[in-house]
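Chain residues, written in single-letter form:
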Amino acid sequence: MDQIFSEHWTILHYGVVLGLTCAQMLVIYFLSDSSSPPRGLGLFSVYFMAALLGWLAYTLQQGYSLELGVDVPMAASIINSYILFLAMSQRSGIAIGRVVLGLVCFGATLAVFFAEPAELFTIHCGAVALFSLATAILALRRSWRERNIGDAILAIATGILVVALPSAAVQAAQPDGLAMGQALLFGFYSLSYTLLVVGFLGSVAIEYQQGLSTMSTEDALTGLLNQRGMEDALQVSLASAGREGLATAAIMVDIDHFKRVNESFGHDTGDQVLCEIASLLASMCRSSDVVARVGGEEFLLVLPNTNMGAARILAERIRQAIADEPMIVDGQAIPITISLGVAGSNGHANLDVLSSEADQAMYIAKRGGRNRVASVERRPLHMSNTAD
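Computed from a predicted model, the values in this text were never measured in an experiment. (Residues numbered from 1 in each chain as written. Predicted model: local features only at pLDDT ≥ 70, side-chain atom pairs only at ≥ 80, totals over all residues. Heavy atoms only, no water.)

> Mind showing me how you'd approach the overall build of the chain here?
The helix and strand inventory of the chain stands at 12 helices and 8 strands. Expressed as a percentage of the 388 residues in the chain, the buried residues total 47%. Taking as baseline every contact in the chain between residues at least 6 positions apart, the subset at least 24 positions apart corresponds to 70%. Within the structure as shown, the chain displays about 19,100 Å² of accessible surface, and the carbon and sulfur contribution to it stands at 60%. (Helix = DSSP H or I, 4+ residues; strand = E, 2+ residues; numbered from the N terminus. Buried < 20%, exposed > 50% of the residue type's maximum accessible area, 1.4 Å probe, protein only. Contact = heavy atoms within 4.5 Å. Areas by Shrake-Rupley, 256 points an atom, 1.4 Å probe, with all protein chains shown as cover.)

This is the structure we're talking about:
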């Protein structure tokens with residue numbers, strides 16, 4: 001054991017831990033400065049810094065045989081494992097068990113001041129194994145839900161402690177087995193910490209990449225698809241319409257006098273109006289329909305397997321739903337109307353052509369007095385005379 005915990009070995013080990021932690025904190029620093037930092041980033045920062053301090057206390061205790069009064073590394077590892085659970089809980093968006101495990105953490109930490117070394121070792125292993133099990137479950141659930149291999153590595157890292165700590169406790173309970181149990185604990189913690197660093201870096205890197213992919217196809221404000229996202233979503237249905245000769249319709253929606261809303265109520269209120277309309281459009285469409293924000297206050301609905309008559313009925317329902325009741329935003333009643341243009345095709349459908357024709361019809365509706373539905377059917381233009 002003297003060779004395992006020699007001064008040079010412990011210093012070398014702490015140097016490796018310091019390097020891993022500094023690299024991790026550097027990544028965390030840059031992530032925290034992004035527009036949408038990953039969930040749980042703050043608590044993970046606390047965990048890695050607290051773990052570094054715990055490793056420092058362990059290095060001082062082993063390398064220099066310092067008498068610290070209480071077993072600081074034991075207390076630190078108990079608290080750190082609970083902080084890791086809190087960080088993973090925040091990252092996964094699940095708050096169950098925080099209070100109960102917090103009480104367990106408090107009780108186990110108090111044992112550092114009163115329990116004998118062998119008893120403390122058993123309490124420590126039991127508490128950390130419990131926290132690690134909870135963390136592993138959360139990480140595994142998030143890995144499955146988000147399809148993130150980094151979270152799976154986090155689950156493996158904490159799962160190692162769940163399996164290994166009881167065996168270390170059993171070893172320590174043997175006559176003269178405390179030193180061997182501590183050596184096993186040292187090895188398990190080192191492996192787990194290394195995997196935690198790798199897993200967390202992998203998890204946030206994958207999440208960041210997924211975010212970039214989403215941003216390229218999704219409108220950040222409303223959550224609807226953007227132009228590119230709409231094109232991707234419609235590839236299959238437009239190809240099917242061409243093969244089977246099905247009808248496809250498009251509705252262009254534009255908010256009337258939206259500039260006045262921004263000028264009168266502010267851009268934040270204008271953004272909320274956009275979100276409310278986006279939500280209403282999505283709720284009034286079928287799951288097979290595709291809704292996108294294609295301009296500042298313009299939305300495009302593409303309706304597969306839908307003829308012009310059905311599209312006009314839907315457009316009129318949308319127009320009436322918005323015009324009938326003012327929108328309540330921050331306690332303010334804001335009257336909103338929209339102008340809609342409808343276009344359609346049979347068989348092969350070109351999205352650019354549909355969009356252009358629906359846009360043309362929408363401008364006709366605006367010129368006709370706004371709060372109207374107009375349509376282009378590749379024959380004389382028809383405009384409804386329904387208006388509020």
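Having put the structure on the table, let's press on.
> What exactly am I supposed to notice about the packing of aromatic side chains here?
Between two aromatic rings, the relevant description is the distance of the centres plus the angle of the planes. Tallied over the entire structure, the rule returns 4 aromatic pairs. Where Tyr47 meets Tyr193, the ring centres are 6.5 Å apart and the plane angle is 45°; that geometry is what we call tilted. Taken together, the residues Tyr47 in helix α2 (residues 41-63) and Tyr193 in helix α7 (residues 178-217) connect sequence positions 146 residues apart. Through a chain of ring-to-ring contacts, three or more aromatic side chains come together here, namely Tyr82, Phe85 and Phe131. Above the plane of the ring of Trp144 lies Arg147, whose end atom (NZ or CZ) is 4.8 Å from the centre. (Phe/Tyr/Trp six-rings, centres within 6.5 Å; stacked < 30°, edge-to-face > 60°. Lys NZ or Arg CZ within 6 Å of the ring centre and 35° of its normal.)

> What is the right way to read helix α11 (residues 308-324) from this model?
Because an α-helix completes one turn every 3.6 residues, residues spaced three or four positions apart along the sequence face the same direction. The end-to-end C-alpha distance of α11, which contains 17 residues, comes to 24 Å, matching closely the 24 Å that a straight helix rising 1.5 Å per residue would cover. Burial in α11 covers these residues: Met308, Ala311, Arg312, Leu314, Ala315, Glu316, Ile318, Arg319 and Ile322. Taking the backbone nitrogen of Gly309 as reference, a side-chain oxygen 3.2 Å away marks Asn307 as the first, capping residue of α11. (Expected span 1.5 Å × (residues − 1). Polar contact = N/O pair within 3.5 Å; in protein donor to acceptor, adjacent residues only side chain to side chain.)

> Could you clarify how one ought to interpret the pattern of salt bridges in this entry?
Counted under the stated rule, the structure contains 10 salt bridges. In this structure, Arg142 engages Asp151 in a salt bridge whose closest nitrogen and oxygen atoms are separated by 2.6 Å. What makes Arg142 buried here is its relative accessible area of 7%. Given a relative accessible area of 0%, Asp151 falls into the buried group. A salt bridge links Glu207 to Arg142; the shortest N-O distance between them is 3.0 Å. Residue Glu207 is located in helix α7, and its partner Arg142 is located in helix α5 (residues 117-146); the two are separated by 65 residues in the primary sequence. Shared partners join several salt bridges into a network, and the residues in it are Arg91, Arg142, Asp151 and Glu207. (Salt bridge = Lys/Arg side-chain N within 4 Å of Asp/Glu carboxyl O.)

> How should I be thinking about unusual backbone geometry in this particular structure?
The phi angle of most residues is negative, glycine excepted, and most peptide bonds adopt the trans form. The phi dihedral of His257 falls on the positive side, at around 50°, and the residue is not glycine. Here His257 is to be found in the loop between β1 (247-255) and α9 (258-265). Positive phi is not limited to glycine here, since Asn371 has a value of about 55°. Mapped onto the fold, Asn371 is located in the loop between α12 (351-367) and β7 (373-376). Owing to a relative accessible area of 5%, Asn371 belongs among the buried residues under this scheme.

> Just to check I follow, could you spell out helix α8 (residues 227-244) for this structure?
Over its 18 residues, α8 extends 25 Å from the first C-alpha to the last, a length consistent with the 26 Å expected when each residue adds 1.5 Å. The principal kink in α8, of about 50°, is found at Leu234. When we look at burial in α8, the residues that qualify are Gly229, Met230, Leu234, Leu238, Ser240 and Ala241. Sitting at the head of α8, Asn226 places a side-chain oxygen 3.2 Å from the backbone nitrogen of Arg228. Two residues or fewer after α8 comes Gly245, characterised by a positive phi angle close to 70°. (Bend = angle between axes of the 7 residues up to and from the residue.)

> What am I meant to see in the environment of Asp71 here?
Turning to its location among the elements, Asp71 is positioned in the loop between α2 and α3 (72-92). The class of Asp71 is partly exposed, set by a relative accessible area of 22%. In the structure, Asp71 is positioned 49 residues away from Leu120 in sequence and 9.1 Å away in space, judged by C-alpha atoms.

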